[in-house]
Amino acid sequence: MSTVLITGAATGIGRLTALALARAGHTVHATMRDPDGRNAARAEDLRAQTAGHDLHVLELDVQSQESADAAVRTVLDRSGALDAVVHNAAHLLVGYTEAFTPEDIAHLFDVNVLGAQRVNRAVLPHMRARRTGTLLYIGSTTTVVVPPFLGPYVASKSAFDALAQVTAYEAHHFGIETVIVMPGPFTQGTEHFPNAGRAGDDAVTGQYAGLDGLVARNEAATEGLFDPGDDADPAAVAEEVARVLALPAGRKPARSVVDFSRAGVEHVNDVMREAQREFVTRLGFGDLLTVHQE
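Within each chain, residues carry numbers counting from 1 in the order of the written sequence. Owing to the predicted nature of the model, reporting of local features is limited to residues with pLDDT of at least 70; listing and counting of side-chain atom pairs is limited to 80 or more, with chain, interface and lining totals taken over all residues. The basis for the side-chain values is all heavy atoms of the structure; hydrogens and waters are excluded.

Peer 1: Residues and numbers for the overall build of the chain, please.
Peer 2: Helix numbering and strand numbering both begin at the N terminus, where a helix is a DSSP run of H or I of at least 4 residues and a strand a DSSP run of E of at least 2. Along the backbone of the chain there are 12 helices and 7 strands. Atoms counted for the radius of gyration: C-alpha only. Globule rule: 2.2 Å times residue count to the power 0.38. Taking 2.2 N^0.38 as the reference for a compact globule, 294 residues should give roughly 19 Å; the C-alpha atoms of the chain span a radius of gyration of 19 Å, in line with that estimate. For the chain, the C-alpha atoms occupy an extent of roughly 60 × 50 × 40 Å along the three principal directions. Relative to its full complement of 294 residues, the chain shows a buried share of 48%. Counting only contacts in the chain whose residues sit at least 6 apart along the sequence, the fraction spanning at least 24 positions is 77%. For the area figures, the Shrake-Rupley method with a 1.4 Å probe applies, and any residue is considered shielded solely by the protein chains shown. When the accessible surface of the chain is split by element, carbon and sulfur atoms take 52% of a total near 13700 Å². The convention is simple: Lys and Arg are positive, Asp and Glu are negative, and His and the chain ends are not counted. Charge placement uses NZ in Lys and CZ in Arg. For Asp and Glu, CG and CD serve respectively. A gap of 6 Å separates the mean positions of the 24 positive and 37 negative side-chain charges of the chain. Per-residue accessibility, obtained with a 1.4 Å probe over protein chains only, is compared with the maximum for each type, and a residue is labelled buried under 20%, exposed over 50%, and partly exposed between these values. Contacts are assigned to residue pairs with any non-hydrogen atoms lying within 4.5 Å of each other.

Peer 1: Just give me the short version of the layout of surface pockets, but keep the residues and values in it.
Peer 2: Leftover empty space is mapped by rolling, across the atoms, a probe with the size of a water molecule. What the second largest pocket holds in volume is close to 520 Å³. Lining the second largest pocket we find 21 residues, and of these His172, Thr178, Ala254, Arg277 and Leu289 sit closest to its centre. Mapped by element, the contributors of at least two residues to the lining of the second largest pocket are helix H7 (151-172), strand E6 (176-183) and helix H12 (265-283). Counting residues per element, the lining of the second largest pocket draws most heavily on H12, which supplies 5 residues. Gly counts as polar in this scheme, as do all residues outside two lists: the nonpolar Ala, Val, Leu, Ile, Met, Phe, Trp, Tyr, Cys and Pro, and the charged Asp, Glu, Lys and Arg. Grouping the amino acids of the lining of the second largest pocket by side-chain chemistry returns 9 nonpolar, 7 polar and 5 charged. Think of a 1 Å grid over the protein atoms and nothing else: a 1.4 Å probe that fits but is trapped marks a cavity, an open set flanked by protein within 12 Å on at least five of seven lines marks a pocket, and residues with an atom within 4 Å of a point count as lining. Grid points are joined across faces, edges and corners, and a volume is the space filled by probe spheres set on the points.

Peer 1: Mind laying out the packing of aromatic side chains, listing which residues take part and the relevant values?
Peer 2: Aromatic contacts are taken between Phe, Tyr and Trp rings whose centres are within 6.5 Å, Trp giving its six-membered ring; a plane angle under 30 degrees counts as stacked, one over 60 as edge-to-face, and the others as tilted. Counted by the stated rule, this structure contains 4 aromatic pairs. Ring centres of tyrosine 137 and phenylalanine 160 lie 5.4 Å apart, and the angle between their planes is 75 degrees; on these two criteria the pair is classed as edge-to-face. Placement of tyrosine 137 in strand E5 (residues 133-138) and of phenylalanine 160 in helix H7 is noted, with a sequence separation of 23 residues between them. For the pair formed by tyrosine 137 and phenylalanine 160, the shared burial category is buried. Ring centres 6.0 Å apart and planes at 70 degrees place the aromatic pair phenylalanine 186 and phenylalanine 260 in the edge-to-face group. A residue pair is termed long-range when its members are at least 10 positions apart, and phenylalanine 186 in the loop between E6 and helix H8 (202-207) and phenylalanine 260 in the loop between strand E7 (255-258) and H12 qualify at 74 residues. The exposure class assigned to phenylalanine 186 is buried, which follows from its relative accessible area of 7%. Every member of this aromatic cluster is reached through a ring pair, and the members are Tyr96, Phe149 and Tyr208.

Peer 1: I'd like to hear about empty space enclosed by the protein, residue by residue, with values.
Peer 2: All told, the structure shown has 1 cavity of 30 Å³ or more when counted by the stated rule. Estimates place the volume of the largest cavity at around 50 Å³. In terms of lining, the largest cavity is formed by Thr7, Val62, His87, Asn88, Ala89, Val111, Asn112, Gly115, Ala116 and Phe160. Among the secondary structure elements, those contributing two or more residues to the lining of the largest cavity are helix H4 (102-112) and helix H5 (114-130).

Peer 1: Please provide a residue-by-residue account of helix H11 (residues 235-245), values included.
Peer 2: Of all 11 residues in H11, 8 are buried; the element is thus mostly enclosed. Taken together, the buried positions of H11 are Ala236, Val237, Ala238, Glu240, Val241, Ala242, Val244 and Leu245. Those residues of H11 that are buried are in contact with strand E1 (3-6), helix H1 (12-23), strand E4 (84-87), E5, E6 and E7.

Peer 1: Please provide a residue-by-residue account of a nonpolar patch on the surface, values included.
Peer 2: A contiguous nonpolar surface patch, about 380 Å² in accessible area, is contributed by Phe279, Leu283, Phe285 and Leu288. For leucine 288, the location among the structural elements is in the segment after H12. Patch membership is restricted to residues that have no salt bridge and whose relative accessible area is over 30%. Joining uses 9 Å for like charges and 5 Å for the nonpolar side chains Val, Leu, Ile, Met, Phe, Trp and Tyr. When a carboxyl oxygen of Asp or Glu lies within 4 Å of a side-chain nitrogen of Lys or Arg, that pair is called a salt bridge.

Have a look at this one:
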């Protein structure tokens, strides 16, 4: 079994993944901001739900390199090694793209994109030294099908996805695998939509009032994408993460889609993967596409 660090484990997919991995026998370091303060109840719930399993809750604020470094040091001191990181921490913004100030979008990118970079900078020296490890990113199908009214979020998840891909080229050289799990939309079972941020420019938002009805029915429209009888439960993402991490080294997929809306993202991924393989090989860098196993 593996030792795994999960970011953003207080709620939603991060919490569900921590529970699934701990119950599967992994040593789980479930991280969140302020686990002794505002997230104390959530931290205690995680511990209670995994009693008898090897789960630890610790502080990690992805907006701080110092916090990421300290969390990884704690994991290594406690467990001796770190086999996998699940990059899950993210925030959602909903609204009209023009109404988001540059500061709104910069803050979102700081969490959703730079947060992963900070954690990678904390963990990759250890993984490179061991020449093994897995970086698993919780991406999004929105980077392919691009829904309306989520502009800054989609942009940030696209950057997150690109960062994962280009980091993978270099990480492959050190035996480190990369997986991007792409959840589709969920309208319940997470706090993503209830806790979503809004645009900072109210005056501009007001000028789009004619579209307010579309925004108001966004969740209902999403639910209409699910087939009758579908249990669109985000626990399915946690189960897929557990399945992927249980696969032997060298057998993990580059991408995996968990999408009850059936948006056809898998087909786009297949075309993109072949185009990328052919392009990078023509550049003469085909060796970067393969994880170096020792």
